[in-house]
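What follows is the residue order along each chain.
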Amino acid sequence: MKQEYFIEAEAGQAFKMKKGQTVRVIDVEGEQVVDFVVYKDGDLTERIDPGVTMDALHSYKVAPGDILYSNKYHPIMTVVEDDVGVHDFFNPACRPEMYELLYNKKNHPSCYDNLSQALEPYGLSQPDQYYPFNIFMNTVVEDNGAMKVKRPLSKPGDSILLRAEMDLIVGVSACPCSESECNGYNCTPIKVEVE
Ligand SMILES: [Zn+2]
């Protein structure tokens, strides 16, 4: 049985997955970043961890077959298919304070608020921060250490397919940042299919 979620631009969603199920995250119109967080169902102290994943893979890029790890160094998801191949493991979820610091805007919608709203019914009270797997986010690291967020390489309909390696609670946010190249200056919807 397939569950589908259409997530409007600048919105969030949460859902459960059983071990062995897959989730396809689809960039409907292209150039849209999806902040993707995952918690172990039954133990919210275990979550997807981009830092641990880079540590375990010795890489900040993933390819089909690669495992995404939890903060407790357990396999939490596996990349099955990937149309784009460029995602971000460096950046935390955007939050209102980020928009204040970088763009001088107050009360801006954010992935932090989207995820918190979506995950609250699953028992997750607002954490100090989210460290998502930022799907389709194109962060370029230069030799001198400079980090630049460029337009995503995802085209309309591009997707990534991930398999759950344990029972999970998943939160997704269609990143509401229209101030930078991050989402191509235009926030658009995403689609998620679980089966
Ligand atoms: Zn965001």
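Just so you know, these numbers come straight off a predicted model, no measurement behind them.

Visitor: Please clarify how the UniProt feature "domain: DUF1989" (unreviewed entry) in the protein chain should be interpreted in this entry.
Guide: The UniProt feature table records "domain: DUF1989" (unreviewed entry) at residues 7-169. Measuring from the first to the last C-alpha atom of residues 7-169 gives 17 Å, for a span that is 15% helix and 34% strand.

Visitor: I tried to follow the nonpolar core on my own but got confused; where do I start?
Guide: A general tendency of soluble globular proteins is for nonpolar side chains to be buried together. Formed by 32 residues in total, the largest nonpolar core has its most connected members in Val23, Phe36, Leu68, Met77, Phe133 and Leu162. Among the elements that line this core, the one with the most residues is strand S12 (residues 168-174), at 4 residues. Discounting residues that sit within four places of it in the chain, Leu68 has contacts with Ile48, Thr53, Val62, His74, Pro75, Ile76, Met77, Val79, Phe89, Phe133 and Leu162. Core analysis: the second largest hydrophobic core is formed by 19 residues, Leu119, Ile169, Cys175 and Cys177 among them.

Visitor: I would appreciate a short explanation of the side chain of Asp35 in the present structure.
Guide: The residue Asp35 is located in strand S4 (residues 34-40) in this model. It is Arg95 that comes nearest to the buried, bridge-free Asp35 among opposite-charge side chains, at 11 Å. Those residues in contact with Asp35 that lie beyond four places of it in its chain are Ala93, Cys94, Cys111, Leu115, Pro132, Phe133, Asn134, Gly171, Val172, Ser173 and Cys175.

Visitor: Explain the side chain of Glu193 to me, please; I cannot follow it from the model alone.
Guide: Relative to the assigned elements, Glu193 resides in strand S13 (residues 190-194). Not counting residues within four places of it along the chain, the set of residues in contact with Glu193 comprises Lys2, Gln3, Glu4, Thr22, Val23, Arg24 and Ile26.

Definitions and cut-offs
Residues numbered from 1 in each chain as written. Predicted model: local features only at pLDDT ≥ 70, side-chain atom pairs only at ≥ 80, totals over all residues. Heavy atoms only, no water. UniProt positions renumbered as here; feature names shortened; annotations may be inferred. Helix = DSSP H or I, 4+ residues; strand = E, 2+ residues; numbered from the N terminus. Core = buried A, V, L, I, M, F, W, Y, C linked by side-chain atoms within 4.5 Å. Buried < 20%, exposed > 50% of the residue type's maximum accessible area, 1.4 Å probe, protein only. Contact = heavy atoms within 4.5 Å. Lys, Arg positive; Asp, Glu negative; His and termini not counted. Salt bridge = Lys/Arg side-chain N within 4 Å of Asp/Glu carboxyl O.

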